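Letter by letter, the chains look like this.
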Amino acid sequence: MRRLLSDAFRTLVPRGEERHGPLPPLMLILTVATGLVDAVSYLALGHVFVANMTGNVVFLGFALAGDESLSALASVVAMGSFLLGALVGGRLGTRFALHHGHLLRTSTAVQTILVAVTVVVAAVSDGRVTPGVQYTLIVFLGLAMGLQNAVARRLGVPDLTTTVLTLTLTGLAADSTPAGGEAPRPGRRILSVLAMFLGALVGAQLVLHGHLALTLGLTLGLLAVTAVITHRLSTADAAWIRPRL
């Protein structure tokens, strides 16, 4: 327990000499944002994910098999938008290959713009999800999440992918002491799961009570805060901004 709490604290408040510097807490903020976005997409946009592409592949199969509660078109649009966002994230990763701070700052700034569009659309529609609103939100949120996933992959902070928890949960069990492992980063892994859970819980509460624009606005705020903090921290010549070659 002491090791778990120590690891969790170091994830939330990293020391200056930490390999990834301030990236772990920033990635946790993005993980909370993912939970919010998935709550919006699944509960308000027709049972589709914009961050979890595994779910969309399965949903597409179900829809094509005849499940009328699911939309094959929505799943395809979500996957296409996600892939396009990931492509942009890959381009940014190449452009800022030598500066992790500039990479995260730029990507979250772009995400902020994309999510800002969804906030405006949701506000103008007064929470009514017409087909036009539905697909506009799917496209812009899918772009934002694909971008985030690609950048998180390039940053390579262990156990903080921000959008997928399958390997994190697998690691908690497979690498645990009862399994004969060394249980690396238990606190970080649990924080990652809790961050996603918190975002999903808050997002679901807001969406189910008719606060679609507010949920997206909260997501926008988290992304904007991440962009601003990263910008301020990236000005220093710290070791974390340079990728390990």
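Just so it is clear, the structure is predicted and the values come from calculations on it, not from any experiment. (Residues numbered from 1 in each chain as written. Predicted model: local features only at pLDDT ≥ 70, side-chain atom pairs only at ≥ 80, totals over all residues. Heavy atoms only, no water.)

Colleague: Talk me through the packing of aromatic side chains; I want residue IDs and the actual numbers.
Modeller: In this structure the tally under the stated criterion is three aromatic pairs. Aromatic side chains Y42 and F49 sit 5.4 Å apart centroid to centroid with 20° between the ring planes, which places their arrangement in the stacked category. Classification of Y42 as partly exposed rests on a relative accessible area of 29%. Between Y42 and F59 the ring centres are 6.2 Å apart and the planes differ by 35°, which places this aromatic pair in the tilted class. Here Y42, found in helix α2 (residues 23-44), pairs with F59, found in helix α3 (residues 53-64); they are 17 residues apart in sequence, far enough to count as distant. Members of the aromatic cluster, joined through ring pairs, are Y42, F49 and F59. (Phe/Tyr/Trp six-rings, centres within 6.5 Å; stacked < 30°, edge-to-face > 60°. Buried < 20%, exposed > 50% of the residue type's maximum accessible area, 1.4 Å probe, protein only. Helix = DSSP H or I, 4+ residues; strand = E, 2+ residues; numbered from the N terminus.)

Colleague: So what's going on with the side chain of T219? Which residues, and what values?
Modeller: Looking at the secondary structure, you find T219 in helix α9 (residues 212-233). There is a polar contact of 3.0 Å between the side chain of T219 and the backbone oxygen of T215. Beyond its immediate chain neighbours, meaning those up to four positions away, T219 contacts A33, L36, V37 and V115. (Polar contact = N/O pair within 3.5 Å; in protein donor to acceptor, adjacent residues only side chain to side chain. Contact = heavy atoms within 4.5 Å.)

Colleague: Could you give an account of the environment of L84, with specific residues and numbers?
Modeller: Checked against the element boundaries, L84 lands in helix α4 (residues 72-95). A residue is classified by how much of its surface remains accessible, and L84, at 46% relative accessible area, is partly exposed. Along the chain, L84 and G142 lie 58 residues apart, while their C-alpha atoms are 8.5 Å from each other.

Colleague: Describe in detail the side chain of N56, supporting the description with residues and values.
Modeller: Of note, N56 is situated in helix α3. Given a relative accessible area of 0%, N56 falls into the buried group. A distance of 2.4 Å separates the side chain of N56 from the backbone oxygen of F49, its partner in a polar contact. Once residues lying within four places of it in the same chain are set aside, the contact partners of N56 are V48, F49, V50, S75, A78 and M79.

Colleague: Help me get a handle on the environment of P243, residues and values and all.
Modeller: Note on placement: P243 falls in the segment after α9. When the C-alpha positions of P243 and G35 are compared, they lie 28 Å apart, and in sequence the two are 208 residues distant. Not counting residues up to four positions away in its chain, the partners in contact with P243 are R19, A97, L98, H99 and H100.

Colleague: Break down a nonpolar patch on the surface for me, citing the residues and quoting the values.
Modeller: A cluster of nonpolar residues, F9, L12 and V13, forms a patch on the protein surface that exposes about 300 Å² of accessible area. Along the chain, the position of L12 falls in helix α1 (residues 2-12). Relative accessible area serves as the criterion here: at 46%, L12 is assigned to the partly exposed category. (Patch = residues over 30% accessible without salt bridge, like charges linked within 9 Å, V, L, I, M, F, W, Y side chains within 5 Å. Areas by Shrake-Rupley, 256 points an atom, 1.4 Å probe, with all protein chains shown as cover. Salt bridge = Lys/Arg side-chain N within 4 Å of Asp/Glu carboxyl O.)

Colleague: Account for the nonpolar core, naming residues and giving values.
Modeller: Of all hydrophobic cores here, the largest spans 48 residues; its most connected members are L141, L155 and L216. It is helix α6 (residues 131-155) that provides the largest number of residues to this core, a total of 11 residues. Other than its neighbours up to four places away in sequence, L155 contacts H20, L23, M27, H100, L103 and L104. (Core = buried A, V, L, I, M, F, W, Y, C linked by side-chain atoms within 4.5 Å.)

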